[in-house]
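# Architecture and fold: a report
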Amino acid sequence: MTTGRRSALVVANDTYHDQRLSRLRAPATDAEQLAGVLRNAEIGGFEVEVSLNEPEHVVRRKVSSFFDDRGLDDLLLLHLSCHGVKDEDGRLYFATPDTEVDHLDATSLPADYVNRQMTRSRSRRIVLLLDCCYSGAFARGMMNRGDERMDIMERFDGRGRIVLTASSAMEYSFEGDQLAGQGKPSVFTSALVEGLATGEADRDRDGFVSVDELYEFAFDRVRAVTPSQTPGKWVFDVQGDFYIARSNRPPEPVDLLADLRAAVSSPFTNVRLGAVEELAALLDDADSARAAAARTALDDIAEHDTQRVVRASAERARRPAEASPPPPPPPAAPEQPTAVPPLADTPPPAAEAAVARDPEHDPRPVAATEPQAPAWVPAVASMAAVGLLAAVPLPLLAETTTSWNSFAVVTPFEVALAALALLLAAGRLRRHQLATATAAGLFVVVGVLMSAAGIGLVKFSLEDIRGIGVALSLLVVCGGVGALVAGRACSSVSSRDHDLGPVEPVWLVSAMAGAGLAALALFLPYDGFSSLWTEVEEGVSAEYIFEPAAALGCLALGILSLSSRRRFATAVLISAGALTAVHYVGVVIAAWQAIGEEGEVRSAGWVGIAGGLLVAFAAWQVQQSLTRGAAGSGTT
C-alpha cells in the first residue's frame, strides 16, 4: 500500500471573451460534480481544488503549484474542461476566459506547458483528463493548417502517467443540443461521475475502480450516446495500475480454487494426480467454503475423469472425509461496524492477475482484445540480440581474400539492424507499448533469417576461419533460435484479426511482385561468374543462398497470413522485406569488392534490393490502413 497523497485539480472554463470561442454549457457543472465525487472520503478521498473561469495567468500558476513539491507515490489528477484550440503550426492550447484566438501563445494555457509541469514533477502517478472541444471541429471560418490529430503521444509523453480524452482527432466533445437553460454535464465527464459515484465502473468487482476500468466504462457510455465520439486513452511507462476510487458494489464471489482449475483439466495424467492431492489436503481446511469447493471438485473428477487411476485417486481422497461427521457451524459473531479501509494505489489481490493495458494510440487498447506475451519473452529477445552481434567481427577474422565474401552470407550492419530491432521491440513489449501480434511477426522473421544466416556462417567459418569463427557463428545461430522462440510464444497468445475487410489490391499485388523479384534474384547473376542458385550447384559457396531462401519463406508466410492475422502478417512482411533489401546490399558489396574474381556487380543484388523494399513499402501501406480503420471504428 502506498502512503502518497491523493490530490486533484479541476479546471473548468465555460465563458470566453473572444466571440470566436463559443460559450460552453458543461464545464461549471462538470467541475462541481466531479470535484464532489473525487472529494468524497468514501469514494475518491482526494484533496480537490477547483478553478472555474479564471484568467490564463491564474490557471497557469495553479497548474505549476499543483505539480510542484510532490513525492514519487503521490497520485495527481488534473481535469481540464474547456475549448482546445490548435494554431497554424498545429500546437495545442487550452482556452481560458481571456484567451484571444489571434494571440494563443500569450493568452491561453499551452499543452506543452502542462506537459513540462508533469515532467518536472517527482510524482510518477499522474492522471490527465481532457474534456475539450477541438477548434477545427466547430470554429466557423477558422483555417486550421495543422494536421487533424491531437498528437497525445507526442504532447504528453513521460513516465508514470495516463491521459484520457473525451474524444480523439478533430471530433467534437458532444454536449447535447443547443445552449439553453441550466448547465448539463458533457457525456464524457458525466460518464466519469456516474461510474465513480455508483461504483458501476468497478468492472471486476474487487472493491476498487482503476483508471483502466473507468476508461472502459466511460468509453461504452459515450459511444452508446454519441457513436461518432470516441474517447481515447494513452499510457506512458506505468508500473501496476492507478486506483481512482473505492466501489460500493458488492464484490464478486471469489473462486477459492482458481489456481487448481487449470491443473484439474490438464491433458497430462500426472498433473491431474497432483491436483487430486492438493484437493485432498484442502478437505480439512479451516475455511468451510474452501473445503466444500474441494469436495465438489473431487466428486467431479471421480465421476467424469477419463483416466481410471485419476478417478480412483479422487475416490480414495474424498472417502475418509465422508466417514466423519461435518463440524458444527461456528457461533455467529456479533455484527461490528465496518470501517472504510484506506484506499491503496497498489492493486488489491483480486486485481493482481489482471492483464496490463497496451498504450497504443487506439480507442480500445490492443491489450484489451488480446493477451499479453509471457513475461520472459522480452528477456529472451534481448539475449537473442546479444547473440546476433557475435557475427559483427567475423569479416575481420577471415583471410583478406575471402573477408568480403562473408558479406554475401550476412553483413555486420544487417546483423546490427536485426539486433537493434529485437532490443527495441523487447523494450516496448515490456512496457506494453507493442501489440503481441506485431512482436510475433518481427521475432519470427529475425529468428528464421538469422538462424539461416548463422548456419551459413558456420559453413563459411569451417572453410575460411575455423576455431573462434565457428564459435561465434554458433552464437549467431543461438540468437536466431532465441528470437524464434520469443516469436512462437507471442504468436501462440496473439489473437486473430476480425472484420478487417479485404486488403487493397494494389498493395497485395505490390507485395506479391516484390516477393517475385526476391525469388528472381536467386537465379540472376550477382557477379561476373555466378548466381546464388549456381553457387548451390557448385557447393563451395552454397551458404550464400541460405538466408535469401529463408526470406522467401517468410514473405510467403506474410502474404498468406494477410487475410486472417493482418497485424502479424504486416510485421512479417515489413521485417522480411527490410532485411532482404539490406542483405542484397551485402551481396552487391561482396560482388564489388571480391578479390580473385572479376568483381563485376550484376543485376541480382539490385533486383533483390528492389524486391525487399517493394514488399516492405506495400506492407507498411496495409498496416497504415489497418491503423486508420481501427481508429475509425473504435476497435483493434
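The paragraphs below set out a description of the structure included in this document. Here the structure is a predicted model, which means the values were calculated and not measured.

## Description of the overall build of the chain
- In terms of regular secondary structure, the chain is built from 21 helices and 10 strands.
- The buried share of the chain, taken over its 636 residues, is 53%.
- Sequence separation of at least 24 residues holds for 76% of the intrachain contacts in the chain that already meet a minimum separation of 6.

## Points about the packing of helix H15 (residues 436-464) against helix H19 (residues 546-561)
- Two elements in contact, H15 and H19, have axes whose closest approach is 8 Å; the angle formed by their N-to-C orientations is 160 degrees. One finds that H15 runs roughly antiparallel with respect to H19. The element H15 and its partner H19 pack so that their crossing is right-handed. Facing Val444, Val445, Val448, Leu449, Met450, Ala452, Ala453, Ile455 and Gly456 of H15, the residues of H19 in contact are Phe546, Glu547, Ala550, Ala551, Cys554 and Leu557.
- Considered class by class, the residues forming the contact of H15 with H19 number 13 nonpolar, one polar and one charged.

## A look at the pairing of strand E9 (residues 232-236)
- E9 sits mainly inside the fold: five of its five residues count as buried.
- By the alternation rule, side chains of E9 split into Gly232, Trp234 and Phe236 and Lys233 and Val235, which are all buried.
- Where strand E7 (residues 161-165) and E9 come together, five bridges link them in antiparallel fashion. If you follow Leu164 over to E9, its bridge partner there is Lys233.

## Brief notes about helix H12 (residues 377-388)
- Here H12 is 12 residues long and its end C-alpha atoms lie 17 Å apart, about the 16 Å a rise of 1.5 Å per residue gives.
- When H12 is considered as a whole, its buried residues turn out to be Val377, Pro378, Ala381, Ser382, Ala384, Ala385, Gly387 and Leu388.
- Those residues of H12 that are buried lie in contact with helix H14 (412-430), H15 and helix H16 (468-493).

## What to know about the nonpolar core
- Of all hydrophobic cores here, the largest spans 80 residues; its most connected members are Leu388, Phe443 and Val446.
- At the level of elements, H12, H14, H15, H16, helix H17 (505-520), H19, helix H20 (566-593) and helix H21 (603-633) are the ones that each hand at least two residues to this core.
- For this core, the element with the highest residue contribution is H15, accounting for 14 residues.
- Once you skip the residues sitting within four places of it in the chain, Phe443 turns out to touch Val377, Ala381, Leu422, Ala425, Ala426, Leu429, Ala483, Leu484, Ala486, Gly487 and Cys490.
- In terms of nonpolar packing, the next biggest core, distinct from the first, is built from 38 residues, Ala8, Leu129, Ile162 and Val222 among them.

## Brief notes about the packing of H12 against H16
- In the contact formed by H12 and H16, the axes pass within 7 Å of each other and the chain directions differ by 155 degrees. By the angle class used here, H12 and H16 are roughly antiparallel. Handedness of the H12/H16 crossing: left-handed. For the pair formed by H12 and H16, the contact residues are Val377, Val380, Ala381, Ala384, Gly387 and Leu388 on the first element and Leu475, Val476, Gly479, Gly480, Gly482, Ala483, Ala486, Ala489 and Cys490 on the second.

## So, the environment of Arg116
- Within the secondary structure, Arg116 is located in helix H4 (residues 111-120).
- Measuring from C-alpha to C-alpha, the distance between Arg116 and Ser64 comes to 9.3 Å, with 52 residues separating the pair along the chain.

## Side note on the packing of aromatic side chains
- Counted according to the given criterion, the structure contains nine aromatic pairs.
- Ring geometry for Trp404 against Phe407: centres 5.2 Å apart, planes inclined by 50 degrees, an arrangement best described as tilted.
- Looking at Phe407, the relative accessible area reads 10%, which means it is buried.
- With 5.7 Å between their ring centres and 45 degrees between their planes, Phe523 and Trp533 make a pair best called tilted. On the criterion of sequence distance, the pair formed by Phe523 in the loop between H17 and helix H18 (532-538) and Trp533 in helix H18 is long-range, its members being 10 residues apart.
- Seen from the ring of Tyr113, Arg60 lies directly overhead, with NZ or CZ sitting 4.8 Å from the centre.
- Lying over the aromatic face of Phe66, Arg70 brings its terminal NZ or CZ to 5.1 Å of the ring centre.

Reading the values: rules and limits
Residues numbered from 1 in each chain as written. Predicted model: local features only at pLDDT ≥ 70, side-chain atom pairs only at ≥ 80, totals over all residues. Heavy atoms only, no water. Helix = DSSP H or I, 4+ residues; strand = E, 2+ residues; numbered from the N terminus. Buried < 20%, exposed > 50% of the residue type's maximum accessible area, 1.4 Å probe, protein only. Contact = heavy atoms within 4.5 Å. Axes fitted to C-alpha atoms, helices over the stretch in contact; angles between N-to-C directions. Parallel < 35°, antiparallel > 145°, perpendicular 65-115°, else oblique. Left-handed = near helix turned anticlockwise from the far one by under 90°. Nonpolar A, V, L, I, M, F, W, Y, C, P; charged D, E, K, R; others polar. Pairing = 2+ DSSP bridges. Expected span 1.5 Å × (residues − 1). Core = buried A, V, L, I, M, F, W, Y, C linked by side-chain atoms within 4.5 Å. Phe/Tyr/Trp six-rings, centres within 6.5 Å; stacked < 30°, edge-to-face > 60°. Lys NZ or Arg CZ within 6 Å of the ring centre and 35° of its normal.

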